[in-house]
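# Chains, contacts and geometry: an overview
One-letter residues, chain by chain:
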Amino acid sequence: MKNIVLVTGATSGFGKACAEKFAAEKYAVIITGRRQDRLLRLQQEIESKYGVACLPLLFDVRDKKAVFDIIQSIPEEWQSINILVNNAGLALGRDYFEEADMDDWETMIDTNLKGLLYVSRAVLPFMIKAGVGHIINIGSIAAKEVYEKGNVYCASKSAVDAVSQGMRIDLLRHGIKVTAIHPGAVETEFSLVRFKGDAEKADAVYAGYKPLNAKDIADTVWYCASLPAHVCINDLVITCTAQANATITLKKFS
Ligand code: NDP
Ligand code: 8X3
């Protein structure tokens, strides 16, 4: 296959929108996540709507062995992955440092940082062999500015920012581009996950202004991925027009 993208966390939000966008652009798409029913539904949709091949891979990015076993054993025709979108991630809780749940901290660090490292290392041999590739890491505006009760989520995304810079330096000699995209508020299942199913709290995050949506991010990822070979967006912060930075959003009704 000519053009292949692997998108982690494709069962929802940005990841799903990215999988659909790349499929619409005639990429063969590898989709990953933990929810098999959603993965299989998306596979069907991509294959029937866009007429491209889709390979669903079921794993938890925190499970190092599963990440390596599954990615290293993908069929040969799928191995020439051009683009990796490291998107799987989450926030859990919004609490003062001294009150936050330490299991939430571990889950965020294990998913947002360590998961990204494992998937990147598992995919890289294919890109290095090809002498070309593009890794797009989804960070956050929380990587750039720390906000109250954001402590470890911000730290995990700050680590994504640092690792992206490190990858860009070290992978230069292999011809691999590295882009980090840092979105502000985007309405997805992110806040529902953060607030552990509390829809009222989740909805309040997006009330009174027009936040970004998953398609805005997928279009941005596609923009970065589709630039000429000699052009690389290194670092990109994107917010909706109502959001000035991590803490200041113009909410008309607040
Ligand atoms: P969603 O909750 O809608 O999607 C998150 C995706 O990550 C799901 O597909 C989920 O799949 C996957 N995921 C989470 N944990 C794991 C895991 N342990 N193993 C494998 N997959 C996992 O959120 P978004 O689309 O909004 O978030 C995507 C990324 O963007 C995250 O990294 C988030 O931190 C970041 N981000 C989000 C912003 C926002 O405002 N929405 C802003 C800035 C950054 P499954 O549950 O099936 O495993
Ligand atoms: C998600 C955006 O502002 O909740 O990364 O940290 S924010």
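As a starting point, this report considers the structure included with it.

What counts and what doesn't
- Residues numbered from 1 in each chain as written.
- Chains lettered and ligands numbered in written order.
- Predicted model: local features only at pLDDT ≥ 70, side-chain atom pairs only at ≥ 80, totals over all residues.
- Heavy atoms only, no water.
- Near = heavy atom within 4 Å.
- Polar contact = N/O pair within 3.5 Å; in protein donor to acceptor, adjacent residues only side chain to side chain.
- Areas by Shrake-Rupley, 256 points an atom, 1.4 Å probe, with all protein chains shown as cover.
- 1 Å grid on protein atoms, 1.4 Å probe; cavity = no way out; pocket = protein on both sides within 12 Å on 5 of 7 lines; lining within 4 Å.
- Sits in = over half its atoms within 2 Å of the grid points.
- Helix = DSSP H or I, 4+ residues; strand = E, 2+ residues; numbered from the N terminus.
- Nonpolar A, V, L, I, M, F, W, Y, C, P; charged D, E, K, R; others polar.
- Phe/Tyr/Trp six-rings, centres within 6.5 Å; stacked < 30°, edge-to-face > 60°.
- Buried < 20%, exposed > 50% of the residue type's maximum accessible area, 1.4 Å probe, protein only.
- Pairing = 2+ DSSP bridges.
- Axes fitted to C-alpha atoms, helices over the stretch in contact; angles between N-to-C directions.
- Contact = heavy atoms within 4.5 Å.
- Salt bridge = Lys/Arg side-chain N within 4 Å of Asp/Glu carboxyl O.

## Notes on the site of ligand 1
Thr11, Ser12, Arg34, Tyr153 and Thr188 are the nearest of the 30 residues found near ligand 1. One of the side-chain N or O atoms of Arg35 is found 3.0 Å from an oxygen atom in ligand 1. Relative to its unbound accessible area of 880 Å², ligand 1 is 96% covered by the protein chains. When atom positions are compared with the pocket grids, ligand 1 is found to occupy the largest pocket. Put simply, the parts of the chain that give the shell around ligand 1 at least two residues each are α1 (13-24), α5 (151-170) and α6 (190-194). Here the shell around ligand 1 is composed, by residue class, of 12 nonpolar, 12 polar and six charged.

## Details of the packing of aromatic side chains
Throughout the structure, instances matching the rule amount to five aromatic pairs. Arranged with centres 5.8 Å apart and planes meeting at 85 degrees, the rings of Tyr27 and Trp222 form a pair that is edge-to-face. With Tyr27 in the loop between α1 and β2 (28-33) and Trp222 in helix α8 (residues 214-225), the pair connects residues that are 195 residues apart, well separated along the chain. Residue classification places Tyr27 among the buried positions, given a relative accessible area of 9%. Residue classification places Trp222 among the buried positions, given a relative accessible area of 17%. With a centroid separation of 5.6 Å and 55 degrees between ring planes, the pair formed by Tyr153 and Phe190 is classed as tilted. With a gap of 37 residues between them, Tyr153 in helix α5 and Phe190 in helix α6 connect regions that are remote in the sequence. Using a relative accessible area of 6% as the deciding quantity, one classes Tyr153 as buried.

## Some words on the sheet that holds strand β5 (residues 133-138)
As summarised here, the arrangement of the seven strands in space is β3-β2-β1-β4-β5-β6-β9, forming an open sheet in which the pairing is parallel. If you trace the sheet from one side to the other, it starts and ends with β3 (54-58) and β9 (235-238), each paired once. The sheet shows a mean angle of 15 degrees between the axes of neighbouring strands, taken without regard to direction. As judged from the four bridges shared by strand β6 (residues 176-183) and β9, these two strands associate in the parallel manner. Across the sheet, Ala180 pairs through a bridge with Asp235, a residue of β9. Along the sheet face, helix α4 (residues 102-130) touches β1 (4-7), β4 (83-86), β5 and β6 and points at about 175 degrees away from the line of β4.

## Examining the pattern of salt bridges
Counting across every chain of the model gives 14 salt bridges. A salt bridge links Lys114 to Asp110; the shortest N-O distance between them is 3.5 Å. Taken together, the residues Lys114 and Asp110, both in helix α4 and four residues apart, mark about one turn of the helix. Looking at Asp110, the relative accessible area reads 23%, which means it is partly exposed. Asp235 is the partner of Lys144 in a salt bridge, and the nearest nitrogen-oxygen pair spans 2.6 Å. Of this pair, Lys144 sits in the loop between β5 and α5 while Asp235 sits in strand β9, placing them 91 residues apart in sequence.

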